[in-house]
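As a plain string of letters, each chain reads:
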Amino acid sequence: ARQGIEHGLVKTFAIPSISKLLSATGEFRRHTERRSEDVDLLVSEFLEHCPIDSSRARLAIRRMNAMHAKYKIANGDYVYVLCIFACQALMFIDKHGWRRIHKNEKIASYVYWRYIGEQMRIKDIPDSYEGM
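Quick look at the structure, then. Small disclaimer: the values here were computed from a predicted structure and weren't measured. As a convention, each chain's residues are numbered from 1 in the sequence order in which they are written. Thresholds applied to this predicted model are a pLDDT of at least 70 for local features of residues and 80 or more for the giving and counting of side-chain atom pairs; totals over whole chains, interfaces and linings are not thresholded and use all residues. Side-chain numbers here rest on the full set of heavy atoms in the structure, without hydrogens or water.

A tally of regular secondary structure across the protein chain gives seven helices and zero strands. What the globule rule says is 2.2 Å times the number of residues to the power 0.38, and the radius of gyration is computed from C-alpha atoms. For the protein chain, whose C-alpha radius of gyration is 15 Å, the value lies close to the compact-globule estimate of 14 Å for 132 residues. Here the C-alpha coordinates of the protein chain stretch approximately 40 × 30 × 25 Å along the principal axes. Here the term buried applies to any residue with accessible area under 20% of the maximum for its type, exposed to any over 50%, and partly exposed to those in between, with areas from a 1.4 Å probe on protein chains only. The buried share among the 132 residues of the protein chain stands at 39%. Of all intrachain contacts in the protein chain linking residues separated by at least 6 positions in sequence, the fraction that spans at least 24 positions is 62%. All accessible-area figures derive from a Shrake-Rupley calculation using a 1.4 Å probe, and residue coverage is judged against the displayed protein chains alone. Element-wise, carbon and sulfur atoms account for 56% of the exposed surface of the protein chain, whose accessible area totals about 8400 Å². Secondary structure elements are taken from DSSP: a helix is a run of H or I of four residues or more, a strand is a run of E of two residues or more, and numbering for both begins at the N terminus. By the convention used here, residues are in contact when the closest approach between their heavy atoms is within 4.5 Å.

And the structure:
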């Protein structure tokens with residue numbers, strides 16, 4: 001699953017507005033490994049400290065919001081990245097794993113990541129996993 005998330009993170013660079021921001025900040029150019037580790041640590045806090053409304057998960061979401069608040073990021077870009085995180089790992093497992101992902105697992109991923117998106121105050125999140 002982690003490889004799927006890493007693959008998804010790379011896909012975000014294909015979006016012109018996202019790659020332009022990342023290039024302008026210089027974060028991936030100057031601090032490539034640190035930026036990748038930051039994403040990994042924050043996402044791990046969501047995934048490993050259930051329930052999602054635990055103090056550690058809430059703190060990670062607050063930290064992520066603070067990190068992004070200093071940049072002008074379009075809501076659509078937030079939605080795109082949220083959808084990547086909700087779907088990419090499952091798509092990777094479907095393609096490379098020992099079994100296919102069950103529809104209930106897709107629904108669970110959607111509900112989980114939708115909640116994270118709501119906590120991040122992302123608007124216009126798709127209404128279903130399939131919509132992502």
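Before going further, it helps to examine the packing of helix 4 (residues 32–48) against helix 7 (residues 103–119). Packing of helix 4 against helix 7 leaves a shortest axis separation of 12 Å and a crossing angle of 125 degrees. Taken together, helix 4 and helix 7 sit at an angle that is classed as oblique. Viewed along their axes, helix 4 and helix 7 form a crossing whose handedness is right-handed. Side by side, helix 4 and helix 7 meet where Val 43, Phe 46 and Leu 47 of the first sit next to Tyr 112, Trp 113 and Ile 116 of the second. For this classification, the nonpolar set comprises Ala, Val, Leu, Ile, Met, Phe, Trp, Tyr, Cys and Pro, the charged set comprises Asp, Glu, Lys and Arg, and every other residue, Gly included, is treated as polar. In terms of residue class, the contact of helix 4 with helix 7 is made up of six nonpolar, no polar and no charged. Axes, fitted as lines to C-alpha atoms, cover a helix only where it is in contact. Angles between the N-to-C directions of the axes lie from 0 to 180 degrees. Roughly parallel covers angles under 35 degrees, roughly antiparallel covers those over 145, roughly perpendicular covers 65 to 115, and oblique covers all other angles. Definitions for this section: a left-handed crossing has its near helix turned counterclockwise from the far helix by less than a right angle. A right-handed crossing has that turn clockwise.

What follows is about the packing of helix 6 (residues 75–96) against helix 7. Two elements in contact, helix 6 and helix 7, have axes whose closest approach is 8 Å; the angle formed by their N-to-C orientations is 155 degrees. Taken together, the axis directions place helix 6 and helix 7 in an arrangement best described as roughly antiparallel. Judged by the sense of rotation from one axis to the other, the crossing of helix 6 with helix 7 is right-handed. In this structure, helix 6 uses Leu 82, Phe 85, Ala 86, Leu 90 and Asp 94 to contact helix 7, whose residues at the interface are Glu 105, Lys 106, Ser 109, Trp 113 and Gly 117.

This next bit is on the side chain of Asp 77. As for its placement among the helices and strands, Asp 77 is situated in helix 6. Despite its burial, Asp 77 pairs with no opposite charge; the closest candidate is Lys 20, at 10 Å N-O. Other than its neighbours up to four places away in sequence, Asp 77 contacts Ile 15, Ser 17 and Ile 18. Neither His nor the chain ends is counted toward charge; the positive residues are Lys and Arg and the negative residues Asp and Glu. Here, a salt bridge means any Lys or Arg side-chain nitrogen found within 4 Å of an Asp or Glu carboxyl oxygen.

Another aspect to go through is unusual backbone geometry. The backbone of Arg 121 sits at a positive phi, close to 65 degrees, despite the residue not being glycine. A relative accessible area of 58% means that Arg 121 is categorised as exposed. Here Asp 124, not a glycine, exhibits a phi torsion of approximately 60 degrees, which is positive. The residue Asp 124 is located in the segment after helix 7 in this model. On the basis of relative accessibility, which here comes to 69%, the residue Asp 124 falls in the exposed class.

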